[in-house]
There are 2 protein chains.
Amino acid sequence: MPLLMLKNLPRYECLLEAAKEFPDLDPSACEAFLHLLHTGDECFRAVESQLARHNISQGRFGVLMSLLNNCRNDDGQAALSPAGLADRTGVTRATMTGLIDTLERDGLVTRAHDTEDRRMMVVGLTLRGRELLHEILPDHFKRMAMLMQSLDEAERKTLVQLLNKITTQAAAMAPAVASSFPAAV
Amino acid sequence: MPLLMLKNLPRYECLLEAAKEFPDLDPSACEAFLHLLHTGDECFRAVESQLARHNISQGRFGVLMSLLNNCRNDDGQAALSPAGLADRTGVTRATMTGLIDTLERDGLVTRAHDTEDRRMMVVGLTLRGRELLHEILPDHFKRMAMLMQSLDEAERKTLVQLLNKITTQAAAMAPAVASSFPAAV
DNA sequence: TATTTATGGTTAGCCGCCTAACTATAAATT
DNA sequence: AATTTATAGTTAGGCGGCTAACCATAAATA
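Bear in mind the structure is a predicted one, so any value in this text is a computation, not a measurement. (Residues numbered from 1 in each chain as written. Chains lettered and ligands numbered in written order. Predicted model: local features only at pLDDT ≥ 70, side-chain atom pairs only at ≥ 80, totals over all residues. Heavy atoms only, no water.)

### Some details on the overall build of chain A
Worth spelling out the cut-off: Each helix is a run of H or I in the DSSP string that is no shorter than four residues. Each strand is a run of E no shorter than two, and both are numbered from the N terminus. Burial classes follow relative accessibility: with a 1.4 Å probe on protein chains only, a residue under 20% of its type's maximum area counts as buried, one over 50% as exposed, and anything between as partly exposed. The contact definition used throughout considers only heavy atoms, calling two residues in contact when any of these lie within 4.5 Å. Note on areas: Shrake-Rupley with a 1.4 Å probe; residue coverage comes only from the protein chains shown.
What chain A contains, in helices and strands, is 7 helices and 3 strands. Counting only residues that meet the buried cut, chain A has 49% of its 185 residues in that class. Taking contacts inside chain A between residues at least 6 apart in sequence as the whole, the part at least 24 apart equals 47%. Carbon together with sulfur atoms contributes 50% to the accessible area of chain A, which is approximately 8700 Å² in total.

### Quick word on the sheet that holds strand E3 (residues 121–125) of chain B
Here is the rule we go by: Pairs of strands are assigned from DSSP output, requiring at least two bridges between the strands.
Read from one edge of the open sheet, 3 strands run E1-E3-E2 (chain B), paired in antiparallel fashion. Lying at the two open borders of the sheet, with one neighbouring strand each, are strand E1 (79–80) and strand E2 (109–113) of chain B.

### Quick notes on the pattern of salt bridges
A side chain of one charge can pair with a side chain of the opposite charge if their charged atoms are brought near each other. Our working definition: For salt bridges, the criterion is a side-chain nitrogen of Lys or Arg within 4 Å of an Asp or Glu carboxyl oxygen.
Enumeration over the complete set of coordinates arrives at 18 salt bridges over all chains. One salt bridge connects B:Glu153 with B:Arg156, and the closest N-O pair in it is separated by 3.7 Å. Separated by 3 residues within a single helix, B:Glu153 and B:Arg156 lie in helix H7 (residues 153–173), roughly one turn from each other. Shared partners join several salt bridges into a network, and the residues in it are A:Asp26, B:Glu153 and B:Arg156.

### Here we look at the protein's contact with DNA strand D
Definition in use: Nearness here has a simple test: a residue counts as near a molecule or strand if at least one of its heavy atoms is within 4 Å of that partner. In the scheme used here, Gly and all other residues not listed as nonpolar or charged are polar, with Ala, Val, Leu, Ile, Met, Phe, Trp, Tyr, Cys and Pro taken as nonpolar and Asp, Glu, Lys and Arg as charged.
Surveying the vicinity of DNA strand D reveals 24 residues, the closest of which are A:Pro82, A:Ala83, A:Arg93, B:Thr95 and B:Arg105. Taking the atoms of DNA strand D that fall within 4 Å of the protein, sugar and phosphate contribute 68% of them. Those elements that provide at least two residues to the surface near DNA strand D are helix H4 (82–89) and helix H5 (93–105) of chain A together with helix H3 (58–72) and helix H5 (93–105) of chain B. Ranked by the residues each element gives to the surface near DNA strand D, the list is headed by H5(B), at 5 residues. Grouping the constituent residues of the surface near DNA strand D by class yields 8 nonpolar, 8 polar and 8 charged.

### Thoughts on helix H6 (residues 127–147) of chain A
Note on helix geometry: an α-helix contains 3.6 residues per turn, so any two residues three or four positions apart are oriented the same way. Stated formally: To estimate how far a helix should reach, multiply one less than its number of residues by 1.5 Å.
Its 21 residues place the ends of H6(A) 30 Å apart at the C-alpha level, agreeing with the 30 Å of an ideal helix rising 1.5 Å per residue. Within H6(A), burial applies to A:Gly129, A:Leu132, A:Leu133, A:Ile136, A:Leu137, A:His140, A:Phe141, A:Arg143, A:Met144, A:Ala145 and A:Leu147.

### Some details on the side chain of A:Arg60
Residues and elements named next belong to chain A. Our working rule: Polar contact is defined as a pair of N or O atoms within 3.5 Å, subject to the rule that within protein one atom must be able to donate a hydrogen and the other to accept it, and that residues adjacent in sequence are counted only when both atoms are side-chain atoms.
Relative to the assigned elements, Arg-60 resides in helix H3 (residues 58–72). From its side chain, Arg-60 meets the backbone oxygen of Asn-55 in a polar contact 3.3 Å long. Sequence-distant contacts of Arg-60, defined by excluding residues within four places in its chain, comprise Asn-55, Leu-99, Thr-102, Leu-103, Arg-105, Asp-106 and Leu-108.

### Describing the packing of helix H1 (residues 12–21) of chain B against helix H2 (residues 27–53) of chain B
To characterise two packed helices, one gives the angle between the axes of the helices and the distance between these axes. Residues and elements named next belong to chain B. Defined as follows: Each axis is a line fitted through C-alpha atoms, taken for helices only over the stretch in contact, and angles between the N-to-C directions span 0 to 180 degrees. By definition in this entry, angles of less than 35 degrees are roughly parallel, angles greater than 145 are roughly antiparallel, angles of 65 to 115 are roughly perpendicular, and the rest are oblique. Whether a crossing is left-handed or right-handed is set by the direction in which the near helix is turned from the far one by less than a right angle, anticlockwise for left-handed and clockwise for right-handed.
Running from N to C, H1 and H2 point in directions that differ by 130 degrees, and their axes come no closer than 9 Å. By the angle between their directions, the pair H1 and H2 is classed as oblique. Every pair of crossing elements has a handedness; the one defined by H1 and H2 is right-handed. Here H1 contributes Tyr-12, Leu-15, Leu-16 and Ala-19 to the contact with H2, which in turn contributes Pro-27, Ser-28, Cys-30 and Glu-31. Of the residues contributing to the contact of H1 with H2, the split by class is 6 nonpolar, 1 polar and 1 charged.

### Quick word on the packing of H4(A) against H5(A)
Residue and element names in this part refer to chain A. Packing of H4 against H5 leaves a shortest axis separation of 9 Å and a crossing angle of 105 degrees. Viewed along their axes, H4 and H5 adopt a mutual orientation that is roughly perpendicular. Of the residues in H5, those in contact with Pro-82, Ala-83, Leu-85, Ala-86 and Thr-89 of H4 are Arg-93, Met-96 and Ile-100. Per-class residue counts for the contact of H4 with H5 are 6 nonpolar, 1 polar and 1 charged.

### A word on the nonpolar core
Defined as follows: What is meant by a nonpolar core is a set of buried Ala, Val, Leu, Ile, Met, Phe, Trp, Tyr and Cys residues, joined one to another through side-chain atoms within 4.5 Å.
The biggest cluster of nonpolar side chains holds 102 residues, and the ones touching the most others in it are A:Phe33, A:Leu159, B:Phe33 and B:Leu159. Residues in contact with B:Leu159, not counting those within four places in the same chain, are A:Ala32, A:Leu159, A:Leu162, A:Leu163, A:Ile166 and B:Leu151.

### Focus on the protein's contact with DNA strand C
In the vicinity of DNA strand C, 24 residues are found, and the nearest of them are A:Thr95, A:Arg105, B:Pro82, B:Ala83 and B:Arg93. For DNA strand C, the fraction of protein-proximal atoms (within 4 Å) that sit in sugar or phosphate groups is 67%. With respect to DNA strand C, the side chain of A:Thr95 contributes an N or O atom lying 2.6 Å from a phosphate oxygen. In this structure, a phosphate oxygen belonging to DNA strand C sits 3.1 Å away from a main-chain N or O atom of B:Met121. No other element matches the 5 residues that H5(A) contributes to the surface near DNA strand C.

### Quick notes on the confidence of the model for chain A
All names here are of chain A. We count it as follows: Per residue, pLDDT measures the predictor's confidence, with a range of 0 to 100.
Scored by pLDDT, chain A has a mean of 86; 86% of the residues are at 70 or more. Here helix H1 (residues 12–21) stands out as the element of chain A with the lowest mean pLDDT, 80, in contrast to H5, whose mean of 96 is the highest. In this model, residues 176–185 is a region of pLDDT below 50 whose contacts with residues beyond four sequence positions or in other chains number 24 contacts.

Written out as structure tokens, the structure is:
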């Protein structure tokens, strides 16, 4: 009898057994689902652990990358608003306040009042923040590449296609849940 | 110029562009990686949102399922220790204390002192907890199946195989990070 | 037997996520 | 111009995750 959504993945035979008792359980769907979540989790951890060595969480990384990207676009807006950051990183404005708090505390970002709209703050990357990213990113990308190195180009393409089918389905199931994809960046 | 690990996935062309500046960035690996995390996230949300309607979080669900599974094994141990639950669900003992606190508060589990080892508590599923699971699980499995319905059996098998390659790689990268897999359940 | 080590559960503090509510400001409407 | 609606950022409270430390108990060692 399988444990579903637990740390250790159940064997397929266990899923077959469970399907006898839970008619709504589709063994192969369940297996694919659990493997997907499990692999995603492992990949997340592999990359996150390296960030954590620099005291950077996933959420903080997203903020820093958003700001770095904004600088690189050279569109004259070297800073972003908390709401803009929240939108880009997929968290609420309330959460973004806390993230900016700790990033500011650590000297990685600056926060100032917008001169044109008094409701707004503007957040910018400090030199220290930029330097930290330049320190982190090479290894970050290396780990990403290493995780995928056992897949050749065709397999990667296959994987992406299969994953796209799933996200399309997810979007169809709950439109309010789905994110825009792919997005113009 | 892509935003990496942000809410919206970058287009492949953006990854190619970024690779010019970050030599360690492998575009196809990055694309596969980001799609994997993104799809996992969407799937997680699709299922989690249904659980949340019953005021059950992912963590609480794992506890309840572990207890349900333990009952079903009929091995005479209808209850588990907090440490056992923590091990099964992949969280720390400290976290488990909090999870059990709220589950007990909501009348879904019982908590008592172990009679054989005075260090230990035993946690068991209440009738109410069992009933809630029986209410939740049909729809839970349906959503899981629906997420994967656009993949046929061969595609599901392919996906699992590709995912297994990745988790093997993740395990090779950081043995301390990898979970045992597949586990005997 | 006494001491040391290991194990279990909890607490405190931190972080990051959420929702709802709030205040301040800007924009839209009357 | 006055009022209403919308937007931005923050706060409060809750939840769930972590680490380290703690106390109680059990097991291992001297």
